[in-house]
Amino acid sequence: MKLSVLASSSSGNSIYIEHNNFRCLVDAGLTGKKVVENLAQIERDIKDINAIFVTHEHLDHIKGVGILSRRYDIPVYATEGTWRGMEEGLGNIVEKNKKIIEIGDSVEVGTIQLDAYSVLHDALEPCGFTITDGRKKISIATDLGYVTEEVIDALQGSELVILESNYDDELLRYSGYPYALKSRLRSNQGHLSNEDAGKLSVFLVQSGITRIALA
């Protein structure tokens, strides 16, 4: 499997994954044009994308999903709650490209198996993903406010973990952000602090995981 983080910030998030001839995106939170440009930078063509998997409905994860699905006839996979939250914002998606996945289920798509696991975040039914080809496993753990046992269990045995590391608590405390935003970021349904990401990283390394990319 090959992976490239196309974008990772509050301005937009997207991850490209390929295995043999199967190519997919996890989230597309940039404009459709920007996703196409970022794929071109790694010498990949949007026309070859077989699926878009969406973690949750926030704009920085879905901004380009609708236009890409319509223009290139790409199926979109998300939980039922995420579909409720994003459907109006995506615009018209043809029925055959609306794919519902359930947390805890394994989905065979192309040459990979995808599993969705629950995360705590201020969205309707947010999830993280693990993706495997039967030999190696990649895990994506972003936009989670708190590390639960379910998250830890999902990440075990991964070849690579894409892990959120969102903010320094001390810098956030004294920043000029509004109080409501600070409270949201620091809540159990917000984002993972650098300190908590560091603690989880140490645990993952001790459990045998050797590759961690901070997002």
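It should be noted that the structure appears before, not after, this text.
These notes cover the structure that comes with them. Here the residue index of a chain counts from 1 through its sequence in written order. For this predicted model, a pLDDT threshold of at least 70 governs which residues receive local features, and a threshold of 80 or more governs which side-chain atom pairs are given and counted, while totals over whole chains, interfaces and linings are taken from all residues. Side-chain metrics in this entry use all non-hydrogen atoms of the structure; hydrogen atoms and water are not considered.

1. Some words on the overall build of the chain
1) Next: Put simply, DSSP marks the helices as runs of H or I at least four residues long and the strands as runs of E at least two long, and each gets a number from the N terminus on. Of regular secondary structure, the chain possesses eight helices and twelve strands.
2) Next: To get the radius of gyration, use the C-alpha atoms; to get the globule rule, take the number of residues to the power 0.38 and multiply by 2.2 Å. Since a compact globule built from 215 residues should have a radius of gyration of about 17 Å, the 17 Å found for the chain is in line with a globular shape.
3) Next: Principal axes of the C-alpha set define a box for the chain whose edges measure 45 × 40 × 35 Å.
4) Next: A 1.4 Å probe rolled over the protein chains alone gives each residue an accessible area, and that area as a share of the maximum for its type sets the label: buried under 20%, exposed over 50%, partly exposed in between. Burial status across the chain gives 50% buried among its 215 residues.
5) Next: The contacts in the chain between residues at least 6 apart in sequence include a share of 55% that link residues at least 24 apart.
6) Next: Areas reported as accessible are Shrake-Rupley estimates using a 1.4 Å probe. Residue values count occlusion only from the protein chains shown. For the chain, the computed accessible surface area is about 10600 Å², with 47% contributed by carbon and sulfur atoms.
7) Next: Separation of charge centres in the chain, based on 22 positive and 31 negative side chains, amounts to 7 Å. Contacts were defined at the residue level, with two residues in contact if any of their heavy atoms lie within 4.5 Å. Lys and Arg are tallied as positive, Asp and Glu as negative. Neither His nor the chain termini are counted. In this description, the location of a charge corresponds to atom NZ of lysine, CZ of arginine, CG of aspartate or CD of glutamate.

2. Here we look at the environment of Ala-123
1) Next: In this structure, Ala-123 sits in the loop between β8 (112-118) and β9 (127-132).
2) Next: The exposure class assigned to Ala-123 is buried, which follows from its relative accessible area of 18%.
3) Next: Once the C-alpha coordinates of Ala-123 and Val-202 are considered, the two residues, 79 residues apart in sequence, prove to be 28 Å apart.

3. What about the sheet that holds strand β1 (residues 2-9)?
1) Next: Pairing in this open sheet of six strands is mixed, and the strands run β1-β2-β3-β4-β5-β6 from one edge to the other. Two strands close off the open sheet at either side, each with one partner strand: β1 and β6 (98-100). Ignoring which end each strand starts from, the neighbouring axes of this sheet average 20 degrees apart.
2) Next: Note: two strands are recorded as paired if DSSP finds a minimum of 2 bridges between them. Sheet topology note: the β1/strand β2 (residues 12-19) ladder contains seven bridges and is antiparallel. For helices, the axis comes from a line fit to the C-alpha atoms of the stretch in contact; other axes are also lines fit to C-alpha atoms, and the angle between any two N-to-C directions lies between 0 and 180 degrees.

4. Points about the pattern of salt bridges
1) Next: A pairing counts as a salt bridge when a side-chain nitrogen of Lys or Arg comes within 4 Å of a carboxyl oxygen of Asp or Glu. With the rule as written, the count across this model stands at eleven salt bridges.
2) Next: Put simply, Arg-173 and Glu-170 hold a salt bridge, and the shortest N to O gap is 4.0 Å. Here Arg-173 and its partner Glu-170 are both found in helix α6 (residues 169-173), three residues apart, which amounts to about one turn of the helix.
3) Next: The network of salt bridges with shared partners includes Asp-169, Glu-170, Arg-173 and Arg-186.

5. Digging into helix α8 (residues 194-206)
1) Next: With 13 residues, α8 extends 18 Å from end C-alpha to end C-alpha; this agrees with the ideal 18 Å at 1.5 Å per step.
2) Next: Taken together, the buried positions of α8 are occupied by Ala-197, Leu-200, Ser-201 and Leu-204. Looking straight down α8, one finds its buried side chains confined to an arc of 105 degrees; they lie on one side. Projecting away from the buried face of α8 at angles above 90 degrees are the exposed residues Glu-195, Lys-199 and Gln-206.
3) Next: For α8, the secondary structure elements touched by its buried residues are α5 (149-155), β11 (160-163) and β12 (212-214). By this rule the span expected of a helix is its residue count minus one, scaled by 1.5 Å. Taking the helix axis as origin, the arc is that swept by the directions to the C-beta atoms.

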